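# Descriptive analysis of the structure
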Amino acid sequence: MELYYDLHIHSCLSPCGDEDMTPYNLVNMAKLMGFDLIAVTDHNTAGNCRAAMQAGREAGITVVPGMELCTAEEVHLVCLFPMIEPAEKFSAFIKTTLPPVHNKPEIFGRQIYCGAGDKILGEEEILLLTASSLSLEQAVQQVRDFGGFCFPAHIDRDSYSVLSNLGAIDPSFGFSAAEVYDKAKIESLKRQHPILQTMRIFSDSDAHYLDKLREPENRIRLPENTPEALIAWLKGEARD
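Let me sum up the structure you'll find in this document. For clarity, every value in this text was computed on a predicted model and none was experimentally measured.

So, how was this worked out
- Residues numbered from 1 in each chain as written.
- Predicted model: local features only at pLDDT ≥ 70, side-chain atom pairs only at ≥ 80, totals over all residues.
- Heavy atoms only, no water.
- Helix = DSSP H or I, 4+ residues; strand = E, 2+ residues; numbered from the N terminus.
- Rg over C-alpha atoms; globule rule 2.2 N^0.38 Å.
- Buried < 20%, exposed > 50% of the residue type's maximum accessible area, 1.4 Å probe, protein only.
- Contact = heavy atoms within 4.5 Å.
- Areas by Shrake-Rupley, 256 points an atom, 1.4 Å probe, with all protein chains shown as cover.
- Arc of directions from axis to C-beta.
- Disulfide = S-S within 2.5 Å.
- Pairing = 2+ DSSP bridges.
- Axes fitted to C-alpha atoms, helices over the stretch in contact; angles between N-to-C directions.
- Phe/Tyr/Trp six-rings, centres within 6.5 Å; stacked < 30°, edge-to-face > 60°.
- Lys NZ or Arg CZ within 6 Å of the ring centre and 35° of its normal.
- Patch = residues over 30% accessible without salt bridge, like charges linked within 9 Å, V, L, I, M, F, W, Y side chains within 5 Å.
- Salt bridge = Lys/Arg side-chain N within 4 Å of Asp/Glu carboxyl O.
- Core = buried A, V, L, I, M, F, W, Y, C linked by side-chain atoms within 4.5 Å.

In this section: the overall build of the protein. Across its full length, the protein carries 8 helices and 10 strands. Against the globule reference of 18 Å for 240 residues, the protein gives a C-alpha radius of gyration of 16 Å, in line with a compact fold. The buried share of the protein, reckoned over its 240 residues, is 55%. For the protein, contacts bridging at least 24 residues in sequence account for 73% of all contacts bridging at least 6. For the protein, the computed accessible surface area is about 10,600 Å², with 49% contributed by carbon and sulfur atoms.

Spelled out as structure tokens, the structure:
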């Protein structure tokens, strides 16, 4: 089946995310726009994924639990999990690797936890925009140890990307996929970095606001609309 997807969306738990990006709102906006498959990937936390997955079940859209992790090198990784339990365990682990810097909502924005029906459960006090103490190499291994899959985020950007901060993608990391923000740059990036020719390259919105969700135009072919099938495709285990 062909599925419209967006694998990089932030909720109101991300401090730079709009407060209107509640799990219910973002899931139902994605459904209304015609998406079949989305991932909720807040900065350094999976704290709103459970509520988003419940909203997804009610709306009839698959929600993959995830996180946008910032490594010690300030490289952003999108981390996805087949189920909510390992995602939440990984999230709890990552919190122990963040510096004890308290959020200043008046500067960075609120970090809002939501439950079913967007009930506000509280706010995260530790600032989620900081870098984890995990190196990129350590982060990749930890994601795998927790049963997840990760890929470098927005590699075409001038900051917080593996190419901008490290200059290249080390083959030893074993990445099989990578994300770009502007898909028009894919071919030029492949020429500059031949390793990308062996990887699945795709584009996501990285939306922090409802009106920044892109119109569905990117599709993938999966045997079924599940997180497990998506991760198999990202690993290169499934055909297009």
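Given 3.6 residues per turn, any residue in an α-helix points the same way as the ones three and four places further on. Inspection of helix α5 (residues 136-145) places L136, A139, V140 and V143 among the buried residues, and these make up the whole buried set. Down the axis of α5, the buried set is contained in an arc of 100°. They therefore lie on one face. In this structure, α5 carries E137 and D145 as exposed residues pointing more than 90 degrees from its buried face. As for α5, its buried residues are in contact with β3 (62-70), β4 (76-80), α3 (84-95), β7 (149-152) and α6 (162-166). In the segment just after α5, G147 is the residue with positive phi, at about 85°.

Taken as a whole, this structure holds 0 disulfides when the rule is applied. No disulfide involves C79; its sulfur sits 5.3 Å from the nearest other cysteine sulfur, which is in C150. A relative accessible area of 0% means that C79 is categorised as buried. Judged by relative accessible area, C150 falls into the buried class, the value being 4%.

Our next topic: the sheet that holds β7. Strand order in the open sheet made by the 6 strands is β7-β4-β3-β2-β1-β10, with mixed pairing throughout. Across the chains shown, the open sheet's two edge strands, defined by having one partner strand only, are β7 and β10 (219-221). The sheet shows a mean angle of 35° between the axes of neighbouring strands, direction not considered. Inspection of the sheet shows strand β1 (residues 2-9) paired to strand β2 (residues 37-40) by 3 bridges, in the parallel sense. For Y5, the partnering residue across the bridge sits in β2 and is L37. Packing against the sheet, helix α1 (residues 23-33) makes contact with β1, β2 and β3, and its axis sits at approximately 160° to β2.

This paragraph deals with the packing of aromatic side chains. Under the criterion given, the structure shown has 9 aromatic pairs. Geometrically, the ring pair formed by F149 and F151 is tilted, given 6.4 Å between the ring centres and 45° between the ring planes. An identical accessibility class is assigned to F149 and F151; each is buried. Taken together, Y5, F149, F151, F202 and W233 form an aromatic cluster joined through their ring pairs. Above the face of the Y181 ring, R214 is positioned so that its terminal group lies 4.2 Å from the ring centre.

Taken together, I107, F108 and L129 make up a surface patch of nonpolar side chains, about 260 Å² in accessible area. Within the element layout of this structure, I107 appears in helix α4 (residues 105-108).

This part is about the nonpolar core. With 51 residues, the main nonpolar core has V27, I38 and F175 as its most contacted residues. Sequence-distant contacts of I38, defined by excluding residues within four places in its chain, comprise D6, I9, L26, V27, A30, I61, T62, V63 and V64. Formed by 20 residues, the second largest nonpolar core is a distinct cluster that contains F149, F151, A177 and F202.

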